[in-house]
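What the coordinates show
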Amino acid sequence: DTAVSQTPKYLVTQMGNDKSIKCEQNLGHDTMYWYKQDSKKFLKIMFSYNNKELIINETVPNRFSPKSPDKAHLNLHINSLELGDSAVYFCASSQGTGVWDYTFGSGTRLTVV
Amino acid sequence: AQSVTQLDSHVSVSEGTPVLLRCNYSSSYSPSLFWYVQHPNKGLQLLLKYTSAATLVKGINGFEAEFKKSETSFHLTKPSAHMSDAAEYFCVVSGGNAGNMLTFGGGTRLMVKP
């Protein structure tokens, strides 16, 4: 059983399109995150949700909108995709405010052409 | 604010020789520190974590790291490199008012020559 699963694994799309990446965790964690890894491999947090409530929202364009229908799911919707959005997006989860059980998904490689 | 600096963007070693990947951190609080590994086109795997219980932390695959508060360092070592260790390694800090947000270093690419 995959603990944190993301779909799709690869996503190629044209500029201007709207796309979504889904994330689900079966660990019973109450906190979920999205991280972005750019072309230089640099990883940075985008969002954090705790029990469906937005906790962290780093300086991310408004075109990115996370949605958490329940504490096991955190989806990322991106409007009007731009070339610079090309990256690997990682979902993660943990329990409460702790970091000891942080678990990452395998990533979604988004390519905007 | 907290930050992590990985002092080498690339490290190249021969198989069977020791590995040293350097990491310095900055944190206003007692930090939580981690090393993650990312193999090509793969996800992030936790190698080890510092829990403040012991300054020398042992991880998977023979890696270990030593927390040195006086030097604000958390270097990763392995006595003998294996070809399968070739990957990208990330030093990570968390804690204090950053809560459960992980702050990643820029990464070190480890290359292992036969």
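Below is a short write-up of the structure.

Details of the interface of chain A and chain B
With 23 residues of chain A at the interface, the matching set in chain B holds 22 residues. If you look at where chain A meets chain B, you find zero salt bridges. Where chain A packs against chain B, one counts three residue pairs in polar contact (both at pLDDT 80 or more). Contributions of two or more residues to the side of chain A that touches chain B are made by β4 (31–37), β5 (43–50) and β9 (87–94) of chain A.

Some details on unusual backbone geometry
Residues and elements named next belong to chain A. Cis peptide bonds are those with omega within 30 degrees of zero, and the linkage from threonine 7 to proline 8 qualifies with -5 degrees. For proline 8, the location among the structural elements is in the loop between β1 (4–7) and β2 (10–13). Positive phi outside glycine occurs at asparagine 51, with the angle close to 50 degrees. Residue serine 80 is not a glycine yet carries a positive backbone phi of 45 degrees.

Regarding the state of the cysteines
Residue and element names in this part refer to chain A. Under the counting rule described, the total for this entry stands at two disulfides over all chains. Two residues share a disulfide in this structure: cysteine 23 and cysteine 91, whose sulfurs sit 1.8 Å from each other. The sign of the -80 degrees torsion about the S-S bond sets the cysteine 23-cysteine 91 disulfide as left-handed. Of this pair, cysteine 23 sits in strand β3 (residues 19–25) while cysteine 91 sits in strand β9; the two residues are 68 residues apart in sequence, bridging distant segments of the chain. Here the two residues cysteine 23 and cysteine 91 agree in accessibility, since each one is buried.

Focus on the side chain of Asp8(B)
Along the chain, Asp8(B) falls in the loop between β1 (3–6) and β2 (10–14). At 3.0 Å, the side chain of Asp8(B) forms a polar contact with the side chain of Arg22(B).

With respect to the pattern of salt bridges
Residue and element names in this part refer to chain A. What the rule picks out here adds up to six salt bridges over all chains. Where arginine 63 meets aspartate 85, a salt bridge forms, and the shortest distance between an N and an O atom there is 2.8 Å. Within this pair, whereas arginine 63 is found in the loop between β6 (53–57) and β7 (64–70), its partner aspartate 85 is found in the loop between β8 (73–78) and β9, the two being separated by 22 residues in sequence. The structure contains a network of salt bridges with shared partners spanning Arg63, Glu82 and Asp85.

Section: the environment of Glu53(A)
By the element assignment, Glu53(A) lies in strand β6. Sequence separation of Glu53(A) and Lys67(A) is 14 residues, and the distance between their C-alpha atoms is 9.5 Å.

With respect to the packing of aromatic side chains
Counted by the stated rule, this structure contains 17 aromatic pairs over all chains. Residues Tyr33(A) and Tyr35(A) carry aromatic rings whose centres are separated by 6.2 Å and whose planes lie at 45 degrees to one another, so their mutual orientation is tilted. Each member of the pair, Tyr33(A) as well as Tyr35(A), is classed as buried. For the pair Tyr50(B) and Phe67(B), a centre-to-centre distance of 4.1 Å together with 20 degrees between the ring planes defines the contact as stacked. In this pair, Tyr50(B) is assigned in strand β6 (residues 45–50) and Phe67(B) in strand β8 (residues 64–68), connecting sequence segments 17 residues apart. Overall, the relative accessible area of 7% leaves Tyr50(B) in the buried class. Among the aromatic side chains, those forming a connected cluster through ring pairs are Tyr33(A), Tyr35(A), Phe90(A), Tyr102(A), Phe104(A), Phe34(B), Tyr36(B), Phe90(B) and Phe104(B).

The rules we used
The residue numbering used here restarts from 1 in each chain and proceeds along that chain's sequence as written. Throughout, the order in which chains and ligands are written sets their labels, letters from A for the former and numbers from 1 for the latter. At least 70 in pLDDT is required for a residue's local features to be given in this predicted model, at least 80 for side-chain atom pairs to be given and counted, and no such filter applies to totals for whole chains, interfaces and linings, which use all residues. Side-chain measures here rest on the full set of heavy atoms in the structure, leaving out hydrogens and waters. Any pair of residues with heavy atoms lying within 4.5 Å of one another is described as a contacting pair. For this analysis, a salt bridge means a side-chain nitrogen from Lys or Arg found within 4 Å of a carboxyl oxygen belonging to Asp or Glu. Under the rule applied, a polar contact is a pair of N or O atoms within 3.5 Å (in protein, one hydrogen donor and one hydrogen acceptor; residues adjacent in sequence only if both atoms are side-chain atoms). Secondary structure elements are taken from DSSP: a helix is a run of H or I of four residues or more, a strand is a run of E of two residues or more, and numbering for both begins at the N terminus. Here, a disulfide means two cysteine sulfur atoms that sit within 2.5 Å of each other. Each residue's exposure class comes from its accessible area (1.4 Å probe, protein chains only) as a fraction of the maximum for that residue type: buried when under 20%, exposed when over 50%, partly exposed otherwise. In this scheme Phe, Tyr and Trp rings, the latter by its six-membered ring, pair at centre separations within 6.5 Å, and the angle between planes marks the pair as stacked below 30 degrees, edge-to-face above 60, and tilted otherwise.

On their own, these measurements won't tell you what the molecule is for.
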